[in-house]
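Chain by chain, the residues run as shown.
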Amino acid sequence: MKIVVCIKQVPATNDAKIDPETKRIIREGMKAILNPFDTYAVEEGVQLRDKFGGEVIALSMGPPKAEASLREAISVGVDRAILLSDRAFGGSDTWATSYALAKAIKKIGDIDLVICGKQAIDGDTAQVGPGIAAHLDWLQATYVMAVEEISSSSIRVKRMHEDGYDICEMSFPAVITVVKDINTPRVPSLKGRLASNKCEVPVWKPGDIGADTSKIGLNGSPTRVVKTQPPPPRHTSTKKIEGSSIECAQSLLRELRLRSIV
Amino acid sequence: MIAFTDAKRKEYRNIWVVAEILAGGIQSVTHELTGAARTLADLRKSEVWVVVMGSGIEEKPESLFAYGADVVIVVDHPGLSGFIDETEAKIMKRLIIKYKPEVVICGATTRGRALIPRVSVMTHCGLTADCTGLSIDPENGDLLQTRPAFGGNIMATIRCSNHRPQMATVRPRVMKSPEPDPGRTGRIIKEEMLTSDSEKIKQIIDVFHSTETAYNLADAQIIISGGRGMKGPEGFKLLKQFAQRVGGAAVGASRAAVDSGWIPYAHQVGQTGQTVQTKVYIACGISGQIQHLVGMQSCDLIIAIDKNPDTPMMQIADIAVVGDLFEIIPEIVKGITNL
Amino acid sequence: MIHHIQNKIYHVEVLPPKQDSEKLEKDLERFSNKYLRVMDSGYCACITDNAMGLLSFQGTEIIEELDLPVIPEQVMIHLNTFHTKDDLDNILNICKTKGIRYLLIITGDGSERLPKLHPSDVGATDVESVTSVELLKYINREYPDTFVLGVAFNPYEPEEHELEKMERKIKAGATFIITQPLIERNEIVDRLLEKYPGIPVIVEAWMSRKLHLLSEAVGYEIPENTEFDPISTLKMLHKLYPGCGVYLSLLGFKTQYHLIKDTWV
């Protein structure tokens, strides 16, 4: 089985700085981490490889320093890693990102399964996983909380929904996005980390994956961030509710109903 | 990507909503989005269309007219009984090509967030997730989509002028559901599911419904959270009851409660737990140490219930209820049940 | 533990390199130098376990990898509840093999990236979440007579709650106590000492000038421009708590280490 795990390096901090010109996040100088949701994807890839054999490859698109997140994936058991990095990829929205990743997956070749985290904590869009599946015209299953079974040609997964879950089976090749319930990601060991420092991480450019330059980067992105602003201030004063317990309950219920919370 | 010309852009009209159907029923997020679509359509002097895909849809699609729909497209087919992303995406693509909507809005539910990204790639459209505000340029129909980014620290406004349709998802309970107007009428269009829509599909083996707690903290719109003031695991049972009555609410906890062994760590909100930004956060018996506050202070509405009116949590709350939560919460639970 | 106090052995906190370190080799070397210096001084090196939820390498794996000497009386590792069961047993087994006896058992700080022990992992049936109490019970049951187990005491939490927890920790097998950092006399610590006269208590001295870090760490407010001199505060703590040991956190190895030599008199 040949698996690609798509990962993203994201800023760790909550106090993000935004470039006033481009309206994009200034990533320089900010601490970067492997997107927490992606650690579950990496772990699942490694566990499936250990169980069924084959190879698991980590793939990321980002600035050169995103290599660190790929190394982290190697340090917990991924076989090799590839970084898509070039100025031409800059400013990609989820459409262009999933296009570039899909092209890279094609280029790697013979992939059975792509695993993504359910979403990245900086954008929270959850669009790249299904986007990759759409670009490749592969089957997809999102919010996967368990891989139930795998055969040489298909995978059976448990998908989480608001009202419960379902179990579905699809033939390879396929894309899944995984939620936290799926496993417990291991923490890199010192040995693994020291070994990962010695690995080569090849960098692929648009030409390497045969990308149509009109479909990558800002040019390939249908969406534009036109403005960013601080959120409106939360509140000015506290409304105090006092009295007997029954009075308090009734006043609070009124407030909840007023706001259609109950 | 080649931008649409003005003439091509003008071919696209009307505001679409993709309905959320669970177990044959139309979910309230659909009503909320229909209401939001109505406002946009009025500004554009165009129509609201709702796409309903499912199998054996029990609820009459006509009910959507009351919420502001002018047209309901119904695709009712046994092949749509389970959620098969690929099939629904193909149907959506066909309908979009056929009817050319200007805007497509979908609920940011697990299904919506699986379906719409696929459609947006297939139709070459821009898509913005989890919008909290939508407005439209009445002249050219550009959709201005506002959404929080970076843990709610900034609000970004996004536009995709060069392509049509423009797509957005909106979380349940973000938009207010309009008052239904039973007198409104509209048209129903029945569309077929084609065999080509369901080639190479996946098989749904089994479906399990549970209202237990499918919601985790990050996905919940309402969190009911308990601290040291809950006094023990029994207190959290009370909060779970409260959460179930509210519906779709998750139970959170302060570190003090987790460290006392009263509730699993997965529920911990705060610096060393999870950061949440829900619509509503109800803090019960949580004093509000700074480590907890940083994890929840960007929630839209904060309600605190505590005996002590002077805790930091009671100070930052929008609504502070002073009293014994072991008496107040059961009263509220009773009150909700009797609604 | 009592002889640590009688012999005036400082407990010196040594932070292991972080997982996201960009110069890991260098950080390892610095860790090694600090560790060896503590050994040479006859003090006890205390290695933290993902303190503040920041992912770091484990003391045990560093000691193994760098082949650092273990003098049983001079090494203490922190062990918290944010591990997988496999990792926990792995750490305990390395401790056993290497002869590390002193463990500080804490509930610890979580983070998005850290796994958490499940009650079933440590054979606990009566709690929803594993705390230091369950971990103590587990270690005492699975590794009898192997370790000397200590626990933390936080005088900045409500007293009743914290003393009640301490009672459960002691019952679960804790034999020494380390407090959160003190910068002055603390009445709750006084009452702790009164309550447990037979149990060695080590007070923590905050050796960084940056007091705001302390208020972030323990969640208690310290006025921003409070004058703070770590060395004189350390001297004061020795006077206030002559029967207690002292744990030095954030000690400056370049700037302060040479100054502490004669402070414990």
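Predicted model, so just to flag it, every value in this text is computed and none were measured. (Residues numbered from 1 in each chain as written. Chains lettered and ligands numbered in written order. Predicted model: local features only at pLDDT ≥ 70, side-chain atom pairs only at ≥ 80, totals over all residues. Heavy atoms only, no water.)

> Help me out: how do you make sense of unusual backbone geometry in this one?
As a rule of thumb, non-glycine residues mostly have phi less than zero, and peptide bonds are mostly trans rather than cis. Proline 173 of chain A follows phenylalanine 172 of chain A through a cis peptide bond whose omega is -5°. Relative to the elements of secondary structure, proline 173 of chain A occurs in the loop between β9 (164–171) and β10 (174–178). With an omega of -10°, the peptide bond between arginine 164 of chain B and proline 165 of chain B qualifies as cis. Tracing the sequence through the fold places proline 165 of chain B in the loop between β10 (154–159) and β11 (166–170). For aspartate 137 of chain A, which is not a glycine, the phi torsion comes out positive at approximately 55°. (Helix = DSSP H or I, 4+ residues; strand = E, 2+ residues; numbered from the N terminus.)

> Just to check I follow, could you spell out helix α3 (residues 94–108) of chain A for this structure?
Owing to its 3.6 residues per turn, the α-helix aligns residues three or four sequence positions apart on the same side. Residues and elements named next belong to chain A. Taking 1.5 Å of rise per residue, the 15 residues of α3 would be expected to cover 21 Å, and the 21 Å separating its terminal C-alpha atoms lies within 8% of that figure. Burial analysis of α3 places 12 of its 15 residues in the buried class, the great majority of the element. If you check which residues of α3 are buried, you get Thr94, Trp95, Ala96, Thr97, Ser98, Tyr99, Ala100, Leu101, Ala102, Ala104, Ile105 and Ile108. The N-cap residue of α3 is aspartate 93: its side-chain oxygen and the backbone nitrogen of tryptophan 95 are 3.0 Å apart. Following α3 by one or two positions, glycine 109 has its phi on the positive side, about 85°. (Expected span 1.5 Å × (residues − 1). Buried < 20%, exposed > 50% of the residue type's maximum accessible area, 1.4 Å probe, protein only. Polar contact = N/O pair within 3.5 Å; in protein donor to acceptor, adjacent residues only side chain to side chain.)

> Teacher, can you tell me more about the pairing of strand β9 (residues 143–149) of chain B here?
Put simply, side chains in a regular strand alternate between the two faces of the sheet. All names here are of chain B. Side chains Leu143, Gln145, Arg147 and Ala149 project from β9 onto a buried face, and the interleaved Leu144, Thr146 and Pro148 project onto a face without burial. In terms of strand pairing, strand β8 (residues 133–136) meets β9 through 4 bridges, oriented antiparallel. Along β9, the bridge assignment pairs glycine 133 with threonine 146. In sequence, β8 turns back onto β9 through a hairpin of 6 residues, with glycine 141 there showing a positive phi of about 75°. Relative to β10, β9 is paired through 5 bridges, and the arrangement is antiparallel. Considered in β10, the bridge of proline 148 is made with methionine 155. (Pairing = 2+ DSSP bridges.)

> Is there a simple way to explain the interface of chain A and chain B in this structure?
Many analyses report the size of an interface as the accessible area lost when the parts associate. Taken together, the contacts link 79 residues of chain A with 81 residues of chain B. Between chain A and chain B, a total of about 7000 Å² is buried, with carbon and sulfur atoms accounting for 57% of that surface. Put simply, chain A and chain B have 2 salt bridges between them. The partner of arginine 118 of chain B in a salt bridge is aspartate 137 of chain A, with the nearest N and O atoms 3.9 Å apart. The interface formed by chain A and chain B contains 29 residue pairs in polar contact (both at pLDDT 80 or more). Secondary-structure elements contributing two or more residues to the side of chain A that touches chain B are α3, α4 (128–136), β7 (139–150), β8 (154–161), β9, β12 (224–229), β13 (239–241) and α6 (245–258) of chain A. The dominant element in the side of chain A that touches chain B, judged by the number of residues it contributes, is α6 of chain A, at 10 residues. In the sheet, β13 of chain A pairs with strand β18 (residues 319–322) of chain B via 3 bridges, with the strands oriented parallel. Each residue of the ladder has a partner; that of isoleucine 241 of chain A, found in β18 of chain B, is valine 321 of chain B. (Contact = heavy atoms within 4.5 Å. Buried area = accessible area lost by both parts, 1.4 Å probe. Salt bridge = Lys/Arg side-chain N within 4 Å of Asp/Glu carboxyl O.)

> Honestly, the sheet that holds strand β5 (residues 148–153) of chain C in this entry has me stumped. Any pointers?
Either a parallel or an antiparallel arrangement is found when strands of a sheet pair, and the pairing is made through backbone hydrogen bonds. Residue and element names in this part refer to chain C. The parallel closed barrel is built from 8 strands, whose spatial order is β1-β2-β3-β4-β5-β6-β7-β8. Averaged over all neighbouring strand pairs, the angle between strand axes comes to 30°, with direction disregarded. Packed onto the sheet, helix α6 (residues 159–171) meets β5 and β6 (176–182) and runs at close to 175° relative to β5. On top of the sheet, helix α9 (residues 230–240) reaches β6, β7 (201–206) and β8 (245–249); it is set at about 160° to β7, its chief contact. (Axes fitted to C-alpha atoms, helices over the stretch in contact; angles between N-to-C directions.)

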